[in-house]
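Geometric and topological summary
The lines below spell out each chain.
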Amino acid sequence: MKKEFKTESKQLLNLMINSIYSNKDIFLRELISNASDALDKKEFFKIQSKIVGDTTNSIVIDVDTEEKTLIITDTGIGMNYEELEQNLGTIAHSGSKEFLEELEEKDTNDIIGQFGVGFYSSFIVADAVEVYTKKEDDKGYKWTSNGIDSYEINEEENVEVGTKIILHIKSGDDFKQYLDINVIEGLIKKHSDYVKYPIQILKEVTTTGEDDKEIVNFELTTINSQIAIWKKAKQDIKKEEYEEFYRNSYYDFNPPMSVIHSKSEGKMNMDMLVYLPAKKSFDYQTPTFKKGLDLYCKGILIDSNVEYLLPDYYNFAKGLIDSEDLSLNISREMLQQDHVVEKIKKTVKSKIKKELLKIQSKKREEYELFYEEFGRTLMFGVYDNYGENVEELKNLIMFKTSKEDKYSTLAEYIINNPEQKEIYYIAGESIDKIKQMPIMEKIKDKNIEVLYFTNDVDEFAIQVMNNYEEHEFKSILTADLDTKEEKEEMEKLSEDNKDILTTIKNALDGKIKDVRLTNKLENVAVCIVNDNDISIEQEKILAQMPNNDFNIEKILEINPKHVLFKTLEKSNNIEKYAQLLLDQAMLIEGLTIDNPVEHARLLNDLIISNEQ
């Protein structure tokens, strides 16, 4: 009996075939998924003793290159006439008219997840489709359509229980690949490897018989793995199995630091298998690196490297999520709007944080090695989006400190320094260079513990963070470390040497904001600081950025106890030496001086005058 598709069904068919699917390959995934569902239903009715006949479960793929057909057969529940009419005769039978009206109002290219029309992806690669189906104790039927305007449903003899779909593959170079057994096998391995029922391909096998004659036979070969490791109970999986899956799936030959394997049931059904690497991948900091988790629905791959499932600060994590609550046909465009995906994302984030804190607490050495690899990524997470992830990450970040160069969390720093209201830090290119800074002698004398900031993002992140548990972050370069007596002594020295300081400031007019004496230095004569919240190290980073036009005012600080200052007090050439003092302070901080030639000339003059 021939029937016409309804008007909106025709429109949906045309839209789907010509516009929706950018990836033609997924048609096979859709049909295998439908076959798997049919087998699930048969299993359900078998338990209820409503099926008493053959209970063999299989999905068979057959490629006929001569007939140019691809055949998918399952031994599932099958369909009767009414179900054929409902499932295949009326496309998106619920709400399709309303959806088409919506399409006219906004730009969208995906209806799959909303209307369940996966079967019709067949017409992307086929210009005609035949469906043979039969339920137990019912008649057999044949459904045919060209996917344009009509379909037929007729009774058919000799149909076995289950469903057989014959795709007449379109002509053209874009479609001939779907008649290649190797291509079909690859698509099964990619998208449907963990379907729990065997997916078999009918392969031609040639053997040699008597008299060296070739004998051609056809054998069924199971392609899919069937049992997904993440579906197994954790207690049944050996460490070596986890590592083998990790190595084969993510091409990392270093064992992972940790494996997060969990199962959620109830409000959301989800299997999670996520690995935390011990080492960076070779491409981790290159444009080719792909973050994200693989997303499955009942063992069938929906999409690879789904970025939305991982925040950037956990981009090192590798693994997958399998949830039966997802629509198999959800598109990449719809992921961020799907409430199930949003729940998955929150769960993933929570599980990763919990695991990292556990390793930090119980396997400290492993965590510190991990932090050497990925600490900068976590710090970028603190800084990103104006610090919106501070609460998530503040207990995961660590710094080496001036006490024994060991790593310390912020919580540990506070415990180790109970009398302090501030958390002191100092920034530099490396720990070795920080130790050479003039102020470090003072820090050692006063027995102050200071966090070492050696990543380019550290200071920026901490400024966004502002404080930790009401302890304000403070650069040791601007911290008030003097006692009352030391302050009074410095004030007197500054007053007594006001003329010298004024002379130096005037000589450096336009180059610095001020000149002052400091109690920070021990064996070094001068240093330079910025007169704002941007430190010298931050200035170096910002200076490398394009369109750098900011002007940072500096203050020259002089050690009044140094022999050089004693010499200045007796000198009649303070203006001449002022530039040398500034250049010296700039060079100590690793900054570029304005005029190297003039600096060399002044040094030469100084040496010559001393030798005469």
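Residues numbered from 1 in each chain as written. Predicted model: local features only at pLDDT ≥ 70, side-chain atom pairs only at ≥ 80, totals over all residues. Heavy atoms only, no water.

Quick word on the overall build of the protein chain
Here is the rule: The numbering of helices and of strands both runs from the N terminus, where a helix is a DSSP run of H or I of at least 4 residues and a strand a run of E of at least 2. With the radius of gyration taken over C-alpha atoms, the globule rule is written as 2.2 Å times the number of residues to the power 0.38. Burial classes: relative accessible area under 20% of the type maximum marks a residue as buried, over 50% as exposed, and values in between as partly exposed (1.4 Å probe, protein chains only). We call two residues contacting when some pair of their heavy atoms lies within 4.5 Å. In this description, accessible areas are obtained by the Shrake-Rupley approach with a 1.4 Å probe, and a residue is regarded as covered only by the protein chains that are shown. The positive count covers Lys and Arg only, the negative count covers Asp and Glu only, and His and the chain ends enter neither. Note on charges: their place is set at NZ of Lys, CZ of Arg, CG of Asp or CD of Glu.
Helix and strand counts for the protein chain come out as 21 helices and 23 strands. In terms of C-alpha radius of gyration, the protein chain reaches 36 Å, well past the compact-globule figure of 25 Å for 612 residues. Each of the three principal axes of the protein chain carries a C-alpha extent, and together these read 120 × 60 × 50 Å. A burial count over the protein chain gives 48% of its 612 residues as buried. Partitioning the contacts of the protein chain with sequence separation of at least 6, the portion at a separation of at least 24 is 69%. Surface accessibility of the protein chain: about 32,700 Å² in total, with carbon and sulfur atoms responsible for 45%. Treating the 79 positive side-chain charges of the protein chain as one cloud and the 118 negative ones as another, the clouds have centres 4 Å apart.

Points about the sheet that holds strand β18 (residues 451-453)
Just so we agree on the cut-off: Each pair of strands is called paired provided DSSP finds at least two bridges between the two strands.
Read from one edge of the open sheet, four strands run β18-β17-β20-β19, paired in mixed fashion. If you trace the sheet from one side to the other, it starts and ends with β18 and β19 (467-468), each paired once. Bridging between strand β17 (residues 422-427) and β18 involves three bridges; their strand directions are parallel. Across the sheet, the residue bridging to Tyr425 is Leu451, located in β18.

Notes on the packing of aromatic side chains
Inclusion rule: We call Phe, Tyr and Trp rings a pair once their centres come within 6.5 Å, taking the six-membered ring for Trp, and we label the pair stacked below 30 degrees between planes, edge-to-face above 60, and tilted otherwise. The criterion for a charge sitting over a ring is simple: Lys NZ or Arg CZ within 6 Å of the ring centre, and within 35 degrees of the ring normal.
On inspection of all chains with the given rule, the structure shows 29 aromatic pairs. Ring centres 5.0 Å apart and planes at 75° place the aromatic pair Tyr284 and Phe289 in the edge-to-face group. With respect to burial, Tyr284 and Phe289 carry one shared label: buried. The positively charged end of Lys164 is found above the aromatic ring belonging to Tyr132, 5.4 Å away from the centroid.

Side note on the packing of helix α9 (residues 339-362) against helix α10 (residues 364-387)
Put simply, the rule is: Every angle, taken between N-to-C directions, lies between 0 and 180 degrees, and every axis is a line fitted to C-alpha atoms, over only the stretch in contact when it is a helix. These descriptions rest on fixed angle ranges, namely under 35 degrees for roughly parallel, over 145 for roughly antiparallel, 65 to 115 for roughly perpendicular, and the rest for oblique.
Two numbers describe how α9 lies on α10: the axes approach to 5 Å, and their chain directions differ by 120°. By the angle class used here, α9 and α10 are oblique. Here Leu356, Ile359, Gln360 and Lys362 of α9 come into contact with α10, specifically with Arg364, Glu366, Tyr367 and Phe370.

Section: the sheet that holds strand β6 (residues 150-155)
Spatially, β1-β6-β5-β4-β7-β3-β2-β8-β9 is the arrangement adopted by the nine strands of the open sheet, whose pairing is mixed. Only two strands of the sheet have a single neighbouring strand rather than two, namely β1 (2-4) and β9 (214-222). Strand-to-strand twist across the sheet, computed as the mean angle between neighbouring axes with direction ignored, equals 20°. Of the pairings in the sheet, the one linking strand β8 (residues 199-208) to β9 comprises nine bridges and is antiparallel in character. Opposite Glu204, over in β9, you have Phe218 as the bridge partner.

Side note on the pairing of strand β23 (residues 554-558)
For β23, the buried fraction is high: five of the five residues fall into the buried class. Two strands pair when backbone bridges link them, and strand β21 (residues 514-517) and β23 are joined in this way by four bridges, in the parallel orientation. Bridge pairing links Arg516 to Glu557 in β23. Pairing of strand β22 (residues 526-530) with β23, which is carried by five bridges, proceeds in the antiparallel orientation. Looking at β23, one finds that Cys527 is bridged to Glu557.

Considerations on the packing of helix α2 (residues 26-47) against helix α7 (residues 181-191)
For any two helices packed against each other, one specifies the inter-axial angle together with the distance between the axes. Quick note on the threshold: Left-handed describes a crossing in which the near helix is turned anticlockwise from the far one by less than a right angle; the clockwise case is right-handed. In this classification, Asp, Glu, Lys and Arg are treated as charged, Ala, Val, Leu, Ile, Met, Phe, Trp, Tyr, Cys and Pro as nonpolar, and every other residue, Gly included, as polar.
α7 packs onto α2 with a crossing angle of 65° between their chain directions and a minimal axis gap of 10 Å. As judged from the angle between their axes, α2 and α7 are roughly perpendicular. Considering only the axes of α2 and α7, their crossing is right-handed. Judged by residue contacts, Ile26, Leu28, Arg29 and Ile32 of α2 engage Ile184, Leu187, Ile188 and His191 from α7. Its residues assigned to classes, the contact of α2 with α7 comprises six nonpolar, one polar and one charged.

Observations regarding a nonpolar patch on the surface
The test is simple: Residues enter a patch when their relative accessible area is above 30% and they make no salt bridge; the linking distance is 9 Å between like charges and 5 Å between nonpolar side chains (Val, Leu, Ile, Met, Phe, Trp, Tyr). Salt bridge criterion: a side-chain nitrogen from Lys or Arg within 4 Å of a carboxyl oxygen from Asp or Glu.
Taken together, the side chains of Phe380, Tyr383 and Val464 make up a nonpolar region of the molecular surface, amounting to roughly 230 Å² of accessible area. On the accessibility criterion, Phe380 (35% relative accessible area) is partly exposed.

Section: the nonpolar core
Where we set the bar: We define a nonpolar core as any set of buried Ala, Val, Leu, Ile, Met, Phe, Trp, Tyr and Cys residues linked to one another through side-chain atoms lying within 4.5 Å.
Ranked by internal contacts, the top residues of the largest apolar core, which has 117 residues, are Trp143 and Leu167. Grouped together as the second largest cluster of nonpolar side chains are 27 residues, Val515, Ile558, Leu568 and Met586 included.

A closer look at the confidence of the model for the protein chain
Under the convention used in this document: Values of pLDDT, the confidence the predictor places in each residue, fall between 0 and 100.
Averaged over all residues, the pLDDT of the protein chain is 87; the fraction at 70 or higher stands at 90%. The least confident element of the protein chain is helix α5 (residues 112-115), whose mean pLDDT is 38; the most confident is strand β15 (residues 398-400), at 98. Within the model, pLDDT remains below 50 along residues 92-96, and this stretch shows ten contacts once partners closer than five positions in the same chain are excluded. Counted against residues more than four places away or in other chains, residues 103-116, with its pLDDT under 50, gives 29 contacts.

Considering the side chain of Glu392
Along the chain, the position of Glu392 falls in helix α11 (residues 390-393). Within the buried core, Glu392 has no salt-bridge partner, and the shortest N-O distance to an opposite charge, that of Lys353, equals 4.5 Å. Not counting residues within four places of it along the chain, the set of residues in contact with Glu392 comprises Tyr313, Tyr314, Lys349 and Lys353.

Overview of the pattern of salt bridges
Evaluation of the coordinates by the stated rule reveals 37 salt bridges. Glu83 is paired through a salt bridge with Lys135; the nearest N and O atoms lie 3.3 Å apart. Taken as a pair, Glu83 in helix α3 (residues 81-89) and Lys135 in the loop between β4 (126-134) and β5 (140-145) lie far apart in primary sequence, 52 residues in all. Close ionic contact of Lys291 with Asp312 constitutes a salt bridge, the shortest N to O distance being 2.8 Å. Here Lys291 is found in the loop between β11 (270-276) and β12 (293-297), whereas its partner Asp312 is found in the loop between β13 (300-306) and β14 (318-322), with 21 residues between them in sequence. Of the residues examined, Lys291 reaches a relative accessible area of 13% and is grouped as buried. Given the relative accessible area of 48%, Asp312 is considered partly exposed.

Some thoughts on α10
Quick reminder of the rule: One fewer than the residue count of a helix, multiplied by 1.5 Å, yields its expected span. A residue's bend is the angle separating two fitted axes: one through the seven residues that end there, the other through the seven that start there.
Helix length check: α10, at 24 residues, gives a terminal C-alpha distance of 26 Å against a target of 34 Å (1.5 Å per residue), a shortfall beyond 12%. Along α10, the largest kink reaches about 65° and is centred on Phe374. Of the surrounding secondary structure, the elements contacted by the buried residues of α10 are α9, α11, β15, β16 (407-409) and α15 (458-465).

Overview of unusual backbone geometry
Despite not being glycine, Asn158 has its phi angle at roughly 60°, a positive value. In this fold, Asn158 is placed in the loop between β6 and β7 (162-169). Its identity as a non-glycine residue notwithstanding, Asp405 has a phi of 55°, on the positive side. As for its placement among the helices and strands, Asp405 is situated in the loop between β15 and β16. The exposure class of Asp405 is partly exposed, given its relative accessible area of 26%.

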